[in-house]
Amino acid sequence: MRAIVRAAEALYGLLLMAGLVAPLVIFFYRVAPWHSDVGAFFAQKSVHSAVLNSLALALATALIATTLGFAFSWLLWRFDWPRGPARALALMLKIPYLLPPFFFAIGWIALAAPQVGYLNRALAFMHLPMLPLLYGLPGTIFVEVLWTTALAMIQLQGFFQQFPGHLEDAAVLCGASPARTFFSITVPLAKPQLISCALLTSVSALSAFGVPAMLASPAHQFVLTTLIYQGIKSYQDFSQAALLSLVLLTITFLVLLSQRFCGRAKPFLLVGGKAGRPAQLQPRAGAKFLFAVAALVAVLGSGLPCLAILARSLLRDPSDLTSWNVEKYVSVFTGTTGGFLALLNSISASGLAALVATLFGVVVAYGASKLGRRPSRILIEAWNIGYALPGTVIALALLVFFAGSITDTLWILSLAYLVKYAAFALRTLTPAIGAIGKELEEAAWMSGASPVKTFFKILLPLLQPALAAAVLLALVPMLSELTMSVLLVGAGTETLGSVIFKMQEYADPGSAAVLAVTAMAAILALNAILKRVSKGNFGI
Amino acid sequence: MNVKIDSLYKSFGNNHVVDNVSFAINDGELVTLLGPSGCGKTTVLRVLAGLEQPTSGTVRVGEKVFNDATHATPPHQRGIGMVFQSYALWPHRTVFENVSFPLEIRKLAASERASKIAQALKLVDLGELGHRYPHELSGGQQQRVALARAIAQQPTVLLLDEPLSNLDAKLREQMRGDLKALQQSLKLTMLYVTHDRLEALELSHRMAIMDHGKLVQMGTPDEIRENPVNDFVRHFIS
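Being a predicted model, the structure only gives us computed values, none of them experimental. (Residues numbered from 1 in each chain as written. Chains lettered and ligands numbered in written order. Predicted model: local features only at pLDDT ≥ 70, side-chain atom pairs only at ≥ 80, totals over all residues. Heavy atoms only, no water.)

1. Quick look at the overall build of chain A
So, step 1. Each helix and strand in chain A was counted, giving 25 helices and zero strands.
So, step 2. On the principal axes, the C-alpha backbone points of chain A span a range of 70 × 65 × 55 Å.
So, step 3. In chain A, which comprises 540 residues, the share counted as buried stands at 54%.
So, step 4. When contacts within chain A are restricted to residue pairs at least 6 apart in sequence, those whose partners lie at least 24 apart make up 79%.
So, step 5. If you sum the accessible surface of chain A, you get close to 23300 Å²; carbon and sulfur atoms cover 69% of it.
So, step 6. Charge separation in chain A, taken as the distance between the mean sites of 35 positive and 19 negative side-chain charges, equals 11 Å. (Helix = DSSP H or I, 4+ residues; strand = E, 2+ residues; numbered from the N terminus. Buried < 20%, exposed > 50% of the residue type's maximum accessible area, 1.4 Å probe, protein only. Contact = heavy atoms within 4.5 Å. Areas by Shrake-Rupley, 256 points an atom, 1.4 Å probe, with all protein chains shown as cover. Lys, Arg positive; Asp, Glu negative; His and termini not counted. Charge placed at Lys NZ, Arg CZ, Asp CG, Glu CD.)

2. What to know about helix α24 (residues 496-507) of chain A
Every α-helix winds through 3.6 residues per turn, so residues three or four apart in the chain are directed the same way.
So, step 1. Its twelve residues place the ends of α24 of chain A 15 Å apart at the C-alpha level, agreeing with the 16 Å of an ideal helix rising 1.5 Å per residue.
So, step 2. Buried residues of α24 of chain A: Leu496, Gly497, Ser498, Val499, Ile500, Phe501, Met503 and Gln504 of chain A, and no others. (Expected span 1.5 Å × (residues − 1).)

3. Observations concerning the pattern of salt bridges
So, step 1. If you walk through the whole model with that rule in mind, you get 15 salt bridges over all chains.
So, step 2. Residue Glu104 of chain B is joined to Lys457 of chain A by a salt bridge in which the shortest nitrogen-to-oxygen separation is 3.8 Å. Note that Glu104 of chain B is positioned in helix α2 (residues 95-105) and Lys457 of chain A in helix α21 (residues 451-462), a pairing that runs across two chains.
So, step 3. On the accessibility criterion, Glu104 of chain B (22% relative accessible area) is partly exposed.
So, step 4. We classify Lys457 of chain A as partly exposed; its relative accessible area is 31%. (Salt bridge = Lys/Arg side-chain N within 4 Å of Asp/Glu carboxyl O.)

4. Description of the sheet that holds strand β6 (residues 80-83) of chain B
Residue and element names in this part refer to chain B.
So, step 1. Strand order in this open sheet of six strands is β6-β7-β8-β3-β9-β10, and the pairing throughout is mixed. This sheet does not close on itself; its edge strands, each paired only once, are β6 and β10 (214-219). Taken over all neighbouring pairs, the strand axes of this sheet differ in orientation by 20 degrees on average, direction set aside.
So, step 2. Pairing of strand β3 (residues 30-34) with strand β8 (residues 190-194) involves five bridges; the strand directions are parallel. If you follow Thr32 over to β8, its bridge partner there is Tyr192. (Pairing = 2+ DSSP bridges. Axes fitted to C-alpha atoms, helices over the stretch in contact; angles between N-to-C directions.)

5. A few points about the side chain of Asn120 of chain A
All names here are of chain A.
So, step 1. With respect to the helices and strands, Asn120 occurs in helix α6 (residues 118-125).
So, step 2. Side-chain polar atoms of Asn120 contact the backbone oxygen of Ala113, separated by 3.1 Å.
So, step 3. The contacts of Asn120, once residues within four sequence positions are left out, are Leu111, Ala112, Ala113, Pro114, Gln115, Met130 and Leu131. (Polar contact = N/O pair within 3.5 Å; in protein donor to acceptor, adjacent residues only side chain to side chain.)

6. Considerations on the pairing of β6 of chain B
Residues and elements named next belong to chain B.
So, step 1. Of the two faces of β6, both are covered, the one formed by Ile80 and Met82 as well as the one formed by Gly81 and Val83.
So, step 2. As paired strands, β6 and strand β7 (residues 157-161) are joined by four bridges and run parallel to one another. Residue pairing for β7: Val83 is matched across the bridge by Leu160.

7. Regarding the packing of aromatic side chains
Between two aromatic rings, the relevant description is the distance of the centres plus the angle of the planes.
So, step 1. What the rule picks out here adds up to 24 aromatic pairs over all chains.
So, step 2. Judged by centre distance (5.0 Å) and plane angle (65 degrees), the ring pair of Tyr387 of chain A and Phe424 of chain A falls under edge-to-face. Taken together, the residues Tyr387 of chain A in helix α17 (residues 374-388) and Phe424 of chain A in helix α19 (residues 410-434) connect sequence positions 37 residues apart.
So, step 3. Residue Tyr387 of chain A is classed as partly exposed on the basis of its relative accessible area, which comes to 23%.
So, step 4. For Phe424 of chain A, a relative accessible area of 14% corresponds to the buried category.
So, step 5. Members of the aromatic cluster, connected to one another through ring pairs, are Phe70, Trp74, Phe79, Trp81, Phe159, Phe160, Phe182, Phe183 and Phe291 of chain A.
So, step 6. Positioned above the aromatic ring of Trp90 of chain B, the side-chain terminus of Arg149 of chain B is 4.3 Å from the ring centre. (Phe/Tyr/Trp six-rings, centres within 6.5 Å; stacked < 30°, edge-to-face > 60°. Lys NZ or Arg CZ within 6 Å of the ring centre and 35° of its normal.)

Quick look at the structure:
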């Protein structure tokens, strides 16, 4: 078995070198700072404003989304709500995490575009003032917050589900009011999780591309990722892109570094061995009001945008709610729009990357968890770095490194997806393998099975739900990935994400909506399968 | 098959958990390794199974040398059966499939396999429960499945690592009787690890008492009861 693990480590290491390390080194060596006039570059007003906009987007999104995510998680998992409504609300609030953020930009454009958006038309019909202008940085922050709140809630869910309620009870018995208890006990206990969540959401917002490209760029407000994209698409300016990437990478690195620093603080919360469901609070007026606010955010965050995209996909004339046109679904996949080819390309590139991530992942995770191999542990950490890096930087590095070879093929897309999302498979498989008791393997050895036979006959069958989860969790974000795809696709290799983006931006928002609905249906179906296969352990 | 362990040492870093242990088990004999928690008895058992590598020393079963200075036979090639403290039943396999596994590995014909499984399940009184999964069984039944799985492969030596420690007092007493009867009917060579002196006194042909990694005394229950070599043995056995 050690030989198989060593071979997997070598191959996985090679893929990491070819997909991440070598491309980054070559990219920054060939096109980066020392080849350009750095001083003049940083003196440009557009660069200043892109840096400031990126920081503002990251900071505002992290602050608001972490606050909302914390409040809603506390509300949903610390209070004793009727099961049905609480589960429905939690699902609505977390669903955006499954879908790419730019889908929500498409949804909100359909809802709140000046004059023609469904909500603005409804407001005009009622002689009410129109919604504030969606295009620009505030609109971008608004949509990013709605998506990122789901990410924050997923980060905080486990904390609140295991919260030791007796610590709050003790404060109440000391005479503290519920509000005082929340601010003096609950919030300080959650401080490490809050800091970690704020940093994670800020990294996510820093590398955001789709939402700022759709909502801020039309108002001539650029963030680092969209400025890089504009430079590449308009002028093929790799030198400027490299400098901007370096800035983006530096900011991301500093945030990640502070996460490591903050992570050193020991969490206050220690889960004891005494089993049992944490005591839950009884909701009163304040909690009920917050529940209503959460329901409003759920409607704004996932309900309305998804309905708007569905309506846009079904109407010939968006301004005429009676102009049903189901044939569009047929024409998008059979006509010249390239919808079918994009779907096939996305499935092929994502499927290959998800399978490779899972197959290598399971062997490397075995090496780390069961054999305690250092190379396996290092590989797992290294693939995690891939996830933390901005997709724009990964795509540019791959473009430069593979120039003239596999660019304009599905291979480069698969490699990019693997670099960015292999961590999803590894994060699922490593704890799953670690959770299988050593004695189950030892019992097989004592029955005469070799380590290889034990791996295939005992471990793999036990890991089936985790394997399915690893494939699906890696597949879901890849299927409609946009940030890297827009830079890497060529003629004949368009993907769902890139085609939806281009249709929405330049030609045909109706067809974009059809493809977005198709992608949403596929992703939600995969999530449902995942929940079923894993008996509720994975999925939203 | 007789077992011989010579000058066995096992260290984890600076922690010497087994310190120059030597003893032998005769063919068809049941020996218990008795001692307090952390005295090294489970480590000796795991070294004999091949699940731990000794720092030095020799392990022989019959004519075969499993461990010496030059080589170590991997556990799956030793032909030794083992019952784990946690039973280690595979949750994705039924009782029948759990017991069948060692026979599948040995590539026995389906008919021969079925008859051996039926025989093993009958021996542990579980004939009717072959279709059930481990989580559908009580603790005592799970323990019997683990025993059936270990004896189905007709091991040269059967190792038992505190197999009754997870059962309640009444069931433990019943299982002690069943184990003794099983050993006598199959004439199996058995090494039984326990910290329960009653279990050791009732089951053993001979007992080996360990303390701080050393083998302190070995003999029949009567010999040890009547002539304990030191205060530790006297207190531990009384």
